[in-house]
Amino acid sequence: MSLLIKNGTVVTAVDQYVGDVLIEGERIATIGSSLSMPVDRTIDASGKLVLPGGIDVHTHLDMPFGGTTSADDFESGTIAAAFGGTTSIVDFAIQYKGQTLHHAWETWMHKAEGKAAIDYGFHMIITDLTDQVELEMDALVGQGVTSFKLFMAYPGVFMLDDASIFKALLRTGKNGGTICMHAENGGVIDVLVKKALAEGKTAPKYHALTRPVRAEAEATHRAIALAEMADVPIYIVHLSAAEALEMVTEARDRGLPAYAETCPQYLFLSDDNYEEPGFDGAKYVMSPPLRPAATQDRLWRGLAFNDLQAISTDHCPFCMKEQKSMGHGDFSKIPNGAPGIETRMSLVYDGGVRTGRISLNRFVELTSTSPAKIFGLFPRKGTIAPGSDADIVIFDPEKTTTLSVHSLHMKVDYNPYEGRQVTGVTETVISRGRVVIDNGRFVGRAGAGAFIKRSARW
Ligand code: DUC
Ligand code: ZN
Ligand code: ZN
Ligand code: ZN
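Remember, it's a predicted structure, so these values are computed and weren't measured experimentally. Starting afresh in each chain, residues are numbered from 1 along the sequence in its written order. Each chain takes a letter, starting from A, and each ligand takes a number, starting from 1, following the order in which they are written. A pLDDT threshold of at least 70 governs which residues receive local features in this predicted model, and a stricter bar of 80 or more applies before side-chain atom pairs are shown or counted, although totals over entire chains, interfaces and linings include all residues. Water and hydrogen atoms were dropped before computing side-chain values, which therefore reflect all heavy atoms in the structure.

1. Re helix 8 (residues 242-253)
Stage number 1. For helix 8, which comprises 12 residues, the first-to-last C-alpha distance of 16 Å matches the rise-based estimate of 16 Å (1.5 Å per residue) to within 8%.
Stage number 2. Note on classification: 1.4 Å probe, protein chains only; a residue is buried when its accessible area is under 20% of the maximum for its type, exposed when over 50%, partly exposed between these limits. Only DSSP runs of H or I with at least four residues qualify as helices, and only runs of E with at least two residues qualify as strands; both kinds are numbered from the N terminus onward. Here helix 8 has its buried residues at Ala 242, Ala 244, Leu 245, Met 247, Val 248, Thr 249 and Ala 251.
Stage number 3. Contacts from the buried residues of helix 8 go to helix 7 (213-230), strand 13 (234-236), strand 14 (258-262) and helix 10 (295-304).
Stage number 4. Once helix 8 finishes, Gly 255 follows within two positions and takes phi at roughly 90 degrees, a positive value. Here a helix's expected span is defined as the number of its residues, less one, multiplied by 1.5 Å. Whether two residues touch is decided by their heavy atoms; if any such pair falls within 4.5 Å, the residues are in contact.

Written out as structure tokens, the structure is:
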């Protein structure tokens, strides 16, 4: 199968030019101008942007959590991702206490096999760090699972103590893996949650009020300090608070390899959303929670100045009707998470590029190139270059759409951005040389996505 994309504006993290892209099989073969050769299909991309496929390095598909399971599985979730211009995800496989990492990896490989419509990799969540598990970390890195997520929150379920965190960090110094950190002080949060409930404060907004910004800032600082002592890089996931960003900025200014991602919900929503009537605040119950609106400008500046290196989604959808409703009368029982895998590219283009907060190149860097580099996917993915996988998005920068649960494809009964107009829409998506979204229609296949073996830092 060969495909020629003609006359589009090709954008990478460093370039922008009008040109033609020739795809042969699964790879980009040539880039040039006025290319003409016999091909199976030609796509005219005049007036459109030709972007490297989006890479979302933080998703939770088919994940048991909070007494239920996230509403999108690997089929519905990856199809929704493709609609939104994302061609690779890195999801999270969970090691439960007493289990081996190998068992967790197998379990999540089975969840994805035959279902994923785009390529996928896994970070391994470690909840029980034994000597045996440390050896398994080395083995997993060799098998292409080169990053590990640790939690400083959720005591009793996911949380690791500082000694275990430090050991895991040291291990990645030997095996070339990367530690991703959920940085919130779980002990403090647990005390605040119990206190609030004892005082009869049960509404969704208390989820946010019991997870203060300082709990995130303290854990972010501690995570970076532990990584500094272990002399390894660290990646902070879903950074939401300006106070946590300050910790990352301070570390980077000292030359430390501290990296962080933020997510669209922290750029476009705020703690005002918890004041929505009735139980609607539950739509926004996620961890970390939404922050004061003034945070948004600080995060955009962090993105522009490279104190934040990636925008991922933390897509973790739960339906209001059967799932979020479990927390009626007790906010701590509302499953944490919100949908976002499909809306990332349009939101960030509209709210970032069109407003001048970030350049078009920086948009590509934050949504594709930089996560690809940090997580061992580059240069196979994350750019448009000869030899790279043909993961390409043809994006209409002038088309406007209204985000709504009625037109989006995530399997969840609400959308946090309901009614928001965005300009900049994914039109056609190519995943390893196959057209999967054709002018806004899904033409791919569940199961066509492949496990991506990622590289270690060396
Ligand atoms: N936060 C969420 O909101 N959902 C899943 C896990 C997490 O850390
Ligand atoms: Zn198996
Ligand atoms: Zn997390
Ligand atoms: Zn998450």
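Let's pick the thread back up.
2. Considerations on the side chain of Gln 323
Stage number 1. Mapped onto the fold, Gln 323 is located in the loop between strand 15 (310-311) and helix 11 (344-353).
Stage number 2. We define a polar contact as two N or O atoms separated by no more than 3.5 Å, with the added condition that, inside protein, one atom must be a possible hydrogen donor and the other a possible acceptor, whereas residues neighbouring each other in sequence contribute only through side-chain atom pairs. At a separation of 2.8 Å, a polar atom in the side chain of Gln 323 contacts the main-chain amide nitrogen of Cys 319.
Stage number 3. If we skip the residues at most four places from it in the chain, Gln 323 touches Thr 68, Thr 69, Ala 71, Pro 317, Phe 318 and Pro 335.

3. Quick notes on the nonpolar core
Stage number 1. In this structure, Phe 122, Met 124, Met 181, Ile 236 and Phe 363 are the most contacted members of the largest nonpolar core, which totals 123 residues.
Stage number 2. At seven residues, helix 7 tops the list of elements feeding residues into this core.
Stage number 3. Each residue touching Ile 236, except ones within four places of it in the same chain, is listed here: Met 181, Ala 183, Thr 220, Ala 223, Ile 224, Val 248, Tyr 259, Ala 260 and Glu 261. Put simply, buried Ala, Val, Leu, Ile, Met, Phe, Trp, Tyr and Cys residues joined by side-chain atoms within 4.5 Å make one nonpolar core.

4. Comments concerning the sheet that holds strand 13
Stage number 1. Strands are treated as partners if at least two bridges between them are detected by DSSP. Here eight strands make up an open sheet; going across it, the order is 6-9-10-11-12-13-14-15 and the pairing parallel. Of all strands in the sheet, those with a lone pairing partner are strand 6 (54-59) and strand 15, marking the two edges.
Stage number 2. Direction of pairing for strand 13 relative to strand 14: parallel, over a ladder of three bridges. Pairing of Tyr 235 across the sheet is with Tyr 259, part of strand 14.
Stage number 3. Every axis corresponds to a line fitted to the C-alpha atoms, with the helix fit spanning only the stretch in contact, and the corresponding angles, defined between N-to-C directions, vary from 0 to 180 degrees. With respect to the sheet, helix 11 is in contact with strand 6, strand 9 (86-94) and strand 15, its orientation differing from that of strand 6 by roughly 115 degrees.

5. Thoughts on the UniProt feature "domain: Amidohydrolase-related" (unreviewed entry) in the chain
Stage number 1. UniProt tags residues 49-436 as "domain: Amidohydrolase-related" (unreviewed entry).
Stage number 2. Helix and strand shares over residues 49-436 are 35% and 19% respectively, and the end C-alpha atoms of the span are 17 Å apart. UniProt positions are given in the numbering used here, feature names are shortened, and annotations may be inferred rather than shown by experiment.

6. A word on the state of the cysteines
Stage number 1. Here, the term disulfide refers to a pair of cysteine sulfur atoms separated by no more than 2.5 Å. The full count for this structure, using the stated rule, is zero disulfides.
Stage number 2. Take Cys 180: it sits in no disulfide, and the sulfur closest to it among the cysteines is that of Cys 263, at 12 Å.

7. Comments concerning the UniProt feature "modified residue: N6-carboxylysine" (unreviewed entry) in the chain
Stage number 1. Here the UniProt-annotated "modified residue: N6-carboxylysine" (unreviewed entry) positions come out as Lys 149.
Stage number 2. Tracing the sequence through the fold places Lys 149 in strand 11 (residues 147-151).
Stage number 3. Those residues in contact with Lys 149, other than ones at most four positions away along the chain, are His 58, His 60, Phe 92, Met 124, Ile 125, Ile 126, Cys 180, His 182, Val 237 and His 238.

8. Overview of the pattern of salt bridges
Stage number 1. Salt bridge, as used here, is a side-chain nitrogen of Lys or Arg placed within 4 Å of a carboxyl oxygen of Asp or Glu. Applying the stated criterion across every chain, the model contains 30 salt bridges.
Stage number 2. The shortest N-O distance in the salt bridge between Glu 26 and Arg 432 comes to 3.1 Å. You can see Glu 26 sitting in the loop between strand 2 (16-24) and strand 3 (27-32) and its partner Arg 432 sitting in the loop between strand 17 (421-431) and strand 18 (434-438), a full 406 residues away along the chain.
Stage number 3. The partly exposed category is assigned to Glu 26, whose relative accessible area is 41%.
Stage number 4. The buried category is assigned to Arg 432, whose relative accessible area is 7%.
Stage number 5. With a shortest N-O distance of 2.8 Å, Lys 115 and Asp 73 are connected by a salt bridge. A residue pair is termed long-range when its members are at least 10 positions apart, and Lys 115 in the loop between helix 2 (101-112) and strand 10 (119-125) and Asp 73 in the loop between strand 8 (68-69) and helix 1 (74-83) qualify at 42 residues.
Stage number 6. Residue class for Lys 115 comes out partly exposed when judged on its relative accessible area of 27%.
Stage number 7. The structure contains a network of salt bridges with shared partners spanning Glu 26, Arg 27, Asp 119, Arg 380, Lys 381, Asp 389, Asp 391 and Arg 432.

9. Considering unusual backbone geometry
Stage number 1. For the peptide bond that leads from Ser 287 to Pro 288, omega is -5 degrees, which places it in the cis range.
Stage number 2. Look at the link from Phe 378 to Pro 379: it is a cis peptide, with omega at 0 degrees.
Stage number 3. Here Pro 379 lies in the loop between helix 12 (360-374) and strand 16 (392-402).
Stage number 4. A positive phi angle, near 30 degrees, is found at His 238, a position not held by glycine.
Stage number 5. Following the sequence through the fold, His 238 ends up in the loop between strand 13 and helix 8.
Stage number 6. A relative accessible area of 2% places His 238 in the buried class.

10. Some thoughts on empty space enclosed by the protein
Stage number 1. Points on a 1 Å grid, built from protein atoms alone, make a cavity when a 1.4 Å probe fits but cannot get out and make a pocket when they are open with protein on both sides within 12 Å along at least 5 of 7 lines; residues with an atom within 4 Å of a point are the lining residues. Grid points are joined across faces, edges and corners, and a volume is the space filled by probe spheres set on the points. Enumeration according to the criterion identifies four cavities of 30 Å³ or more in this entry.
Stage number 2. Taken as a whole, the largest cavity holds about 170 Å³ of empty space.
Stage number 3. Along the wall of the largest cavity there are 20 residues; nearest its centre are His 60, Tyr 154, Ser 287, Asp 314 and Asn 336.
Stage number 4. Of all the elements in the fold, those that place two or more residues in the lining of the largest cavity are strand 11 and helix 9 (264-268).
Stage number 5. Here the term charged refers only to Asp, Glu, Lys and Arg, the term nonpolar to Ala, Val, Leu, Ile, Met, Phe, Trp, Tyr, Cys and Pro, and the term polar to all other amino acids, Gly among them. Its residues assigned to classes, the lining of the largest cavity comprises 11 nonpolar, seven polar and two charged.

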